[in-house]
Amino acid sequence: MALKIVYPICCGIDVHKSFVVACIASTSKGVTTYKRHRFSTYTKGLLELSQWLCENDCQDVCMESTGKYWIPVFNVLEDSCNITLAHPKYVKAIRGKKTDKKDAKWIADLFKHDLVAGSFMPPLEIRQLRDLMRYRFKLTNFMSSEKNRLQNSLTVSNIQLGNIVSDTFGKSSMNIIEKLLKDPLDTSFDLEPLIHGSMKHKLPELELAIDGYITSEQAEKLKVIKQHYEDLGARKADLEKIILSLATSYHDEINLILTVPSFKNIFSAIAVVSEIGVDMDVFPTAKHLCSWAGLTPTNNESAGKKKSVRISRAGCYIKPLLVQCATAVVKSEKHPEIRNRYLRLRKRRGHKRAIIAIARMLLTAIYNILKKKEAYNAELYLKSDVLPVNREITVEQAILLAKNHGYHVLEAS
């Protein structure tokens, strides 16, 4: 039985750094003809590609997402074509038959039968917000690295402030560090004017903590680290202003997400919007969204045996955020509908799997909140957890239930 032709006229594009190879597959009466052409990735070449597609009446395009090289192609063709962006692993050519021309033809052949799973592509404004939020995430990582470097330099110099103060980068601690860096050899200065009033009782311990030896090289290194950390903080603040101005278009959706437990920071809500968008119609169900975010077990079964149920590597930006929020919310007594579910799962499946399940629970709640435009309602979870009054269960089901809860079932003697 022949495969159905879904796209009679379509184009497969093999993307490279300096050029793209496009192949138009036109099918008429069961016979497919091909037209190939190579275009430069300069804007002039991409406009020629767009014109070539229009001349051949081709509006359906499929291309693989190669690094960042696909983005200029996508930006030029977005307004004139229906673009399906495919992960390279789904359009990989057969070994031994892999050239640039054959790659483009292979993509076109797969796409004309609708055998290519397209990647989720949000609108341009969401993509811009996503780019800024991911850069903010990188700046946060850079700042954390500099904090660790500064702490390591203090440890090497035997400055044990971290044993006394709760935050080495707090106001009092930074005042002490600045004073040390002015004259590294002088550690006998008066600490009382530099610290907060609530730390007065720690003066003897602080005097012992700063009694170290900072070499001139370590002092210069500390100054560079401190200056870099402050510069990163300033650049991050500038970036956040741009993000907030761009996110004003999604004010209502962000406020709805902020009603979800553990989403207290506005940038956490903006990060979710930047990754999944605000139109939930692109995901048929909440399960599809959770699968896209890499929070569901994989399907890997053969001969009736499940080989693996590990979660996928997808969602490398949204998944850590959701796991972080899940880890915070399960420690709180304010949300029993989430904490109780976590405790039940942890008893059977362990901490890590339970946290992933709670992260999936939060994302499912966000999906329904954005779809229905309703705030988070804990009562819905509490009602679902209430057990019915009259229930019946067979002996086999009771044994299985006991085993699932970790019990060893023994035969009656």
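Just so it is clear, the structure is predicted and the values come from calculations on it, not from any experiment.

How each quantity is defined
Residue numbers restart at each chain and count upward from 1, following the sequence in its written direction. Local features are withheld for residues below a pLDDT of 70 in this predicted model, meaning they are given only at 70 or higher, and side-chain atom pairs are given and counted only at 80 or more; totals for whole chains, interfaces and linings count all residues. The basis for every side-chain value is the complete set of non-hydrogen atoms in the structure, without hydrogens or water. Here a helix means four or more residues in a row that DSSP labels H or I, a strand means two or more in a row labelled E, and each is numbered from the N terminus. The buried label applies to any residue whose accessible area, calculated with a 1.4 Å probe on protein chains only, is under 20% of its type's maximum; exposed applies above 50%, and partly exposed to all values in between. Nitrogen and oxygen atoms within 3.5 Å of one another constitute a polar contact, given that in protein one can donate a hydrogen and the other can accept it, and given that sequence-neighbouring residues count only through two side-chain atoms. Contacts are assigned to residue pairs with any non-hydrogen atoms lying within 4.5 Å of each other. By convention a nonpolar core is built from buried Ala, Val, Leu, Ile, Met, Phe, Trp, Tyr and Cys residues, the set being connected through side-chain atoms within 4.5 Å. Helix span, as expected, comes to 1.5 Å for every residue beyond the first. A carboxyl oxygen of Asp or Glu within 4 Å of a side-chain nitrogen of Lys or Arg is what we treat as a salt bridge. At least two bridges found by DSSP between two strands is the condition for calling them paired. Fitted lines through C-alpha atoms serve as axes, helices being fitted only where they are in contact, and the angles separating the N-to-C directions of these axes extend from 0 to 180 degrees. With its strands directed away from the observer, a crossover is right-handed exactly when the path from the first strand over the helix to the second travels clockwise. Note on terminology: angles under 35 degrees are roughly parallel, angles over 145 are roughly antiparallel, angles of 65 to 115 are roughly perpendicular, and the others are oblique. Two helices crossing with the near one rotated counterclockwise from the far one by less than a right angle form a left-handed crossing, whereas a clockwise rotation gives a right-handed crossing. For this scheme, ten residues count as nonpolar: Ala, Val, Leu, Ile, Met, Phe, Trp, Tyr, Cys and Pro. Four count as charged, namely Asp, Glu, Lys and Arg, and the remainder, Gly too, count as polar. Residues qualify for a patch when their relative accessible area is over 30% and they have no salt bridge, like charges being joined within 9 Å and the nonpolar side chains of Val, Leu, Ile, Met, Phe, Trp and Tyr within 5 Å. Accessible surface area values rest on a Shrake-Rupley calculation with a 1.4 Å probe, where residue burial reflects the displayed protein chains alone.

Looking at this structure, I do not really get the side chain of K112. What am I missing?
In this structure, K112 sits in helix 3 (residues 100–112). Residue classification places K112 among the buried residues on the basis of a relative accessible area of 7%. At 2.9 Å, the side chain of K112 forms a polar contact with the side chain of T32. What K112 contacts, discounting residues up to four positions off in sequence, is K4, I5, V6, Y7, C10, T27, T32 and Y34.

Where do I start with the nonpolar core in this structure?
Side chains that are nonpolar tend, in soluble globular proteins, to be buried together. The biggest cluster of nonpolar side chains holds 83 residues, and the ones touching the most others in it are L206 and I366. Every residue in contact with L206, bar those within four places of it in the chain, is listed here: L161, I164, V165, I176, L191, I195 and M199. Within the second largest apolar cluster, 21 residues are counted, among which are I13, F39, M63 and I83.

How should helix 7 (residues 216–246) be read in this particular structure?
Structural remark: α-helix, 3.6 residues per turn; residues separated by three or four positions point the same way. Under the 1.5 Å per step criterion, the end-to-end length of helix 7 is 45 Å for 31 residues, consistent within 8% with the ideal 45 Å. Restricting attention to buried positions, one finds in helix 7 the residues Q218, A219, L222, I225, K226, Y229, L232, K236, L239, E240, I243 and L246. At its buried positions, helix 7 is contacted by helix 4 (124–156), helix 5 (171–182) and helix 9 (266–276).

Any chance you could explain the pattern of salt bridges here in plain terms?
Two side chains carrying opposite charge are able to pair once their charged atoms lie near each other. Under the criterion given, the structure shown has 14 salt bridges. Note that R134 and E275 form a salt bridge whose closest N and O atoms lie 3.0 Å from each other. Highlighted residues: R134 in helix 4 and E275 in helix 9, separated in sequence by 141 residues. E146 is the salt-bridge partner of R149, the closest N and O atoms lying 2.6 Å from each other.

How should the sheet that holds strand 2 (residues 19–28) be read in this particular structure?
An order of 3-2-1-4-5 is seen for the five strands of this open sheet, with the pairing classed as mixed. At either end of the open sheet lies a strand with only one pairing partner, and these are strand 3 (31–40) and strand 5 (82–86). Mean inter-strand twist for the sheet, computed between neighbouring axes without regard to direction, equals 20°. The sheet strands contacting helix 1 (residues 43–55) are strand 1 (9–15), strand 2, strand 3 and strand 4 (60–64), and the helix crosses strand 3 at an angle near 160°.

Help me understand unusual backbone geometry in this model?
Backbone geometry at K29 places phi at a positive 55°, although glycine is not the residue there. Assignment of secondary structure puts K29 in the loop between strand 2 and strand 3. Take K29: its relative accessible area is 85%, and that puts it in the exposed class. Even without being glycine, K373 reaches a positive phi, approximately 60°. Among the structural elements, K373 can be located in the loop between helix 13 (351–372) and helix 14 (378–385). Looking at K373, the relative accessible area reads 45%, which means it is partly exposed.

How should the pairing of strand 5 be read in this particular structure?
In the case of a regular strand, side chains alternate between the two sheet surfaces. Here strand 5 lies mainly inside the structure; four of its five residues are buried. With five bridges joining them, strand 4 and strand 5 adopt parallel strand pairing. Bridging across to strand 5, D60 finds its partner in N82. This β-α-β element, strand 4 to helix 2 (residues 70–77) to strand 5, shows right-handed connectivity.

Looking at this model, I keep getting lost on the side chain of R127. Mind explaining?
Take R127: it is sitting in helix 4. Not counting the four nearest positions on each side in its chain, R127 is found in contact with F74, N75, E78, M121 and P122.

What is the right way to read the packing of helix 7 against helix 9 from this model?
A pair of packed helices is characterised by two quantities: the angle between their axes and the separation of those axes. Taken N-terminus to C-terminus, the directions of helix 7 and helix 9 make an angle of 60°; their axes are 11 Å apart at the nearest point. Taken together, helix 7 and helix 9 sit at an angle that is classed as oblique. Crossing of helix 7 over helix 9 shows left-handed handedness. Here E240, I243 and L244 of helix 7 lie close against helix 9, whose contacting residues are I266, F267 and I270. Of the residues contributing to the contact of helix 7 with helix 9, the split by class is five nonpolar, no polar and one charged.

Is there a simple way to explain the pairing of strand 2 in this structure?
The buried fraction of strand 2 is high, at eight of ten residues. With seven bridges joining them, strand 1 and strand 2 adopt antiparallel strand pairing. Note on strand 2: the bridge partner recorded for I13 is A22. A loop of two residues connects strand 2 with strand 3, the two strands running antiparallel in sequence, and K29 in this loop sits at a positive phi of about 55°.

Explanation requested: a nonpolar patch on the surface in the structure shown.
A surface patch of nonpolar side chains, about 240 Å² in accessible area, is lined by V395, I399 and V409. Within the fold, V395 resides in helix 15 (residues 395–404). A relative accessible area of 58% means that V395 is categorised as exposed.

Could you clarify how one ought to interpret the packing of helix 11 (residues 318–329) against helix 13 in this entry?
One way to put it is that helix 11 packs onto helix 13 with a least axis distance of 8 Å and a crossing angle of 105°. In terms of orientation, helix 11 lies roughly perpendicular with respect to helix 13. Here I318, L322, V323, C325, A326, T327 and V329 of helix 11 lie close against helix 13, whose contacting residues are I355, I356, I358, A359, L362, L363 and I366. When its residues are assigned to classes, the contact of helix 11 with helix 13 shows 13 nonpolar, one polar and no charged.

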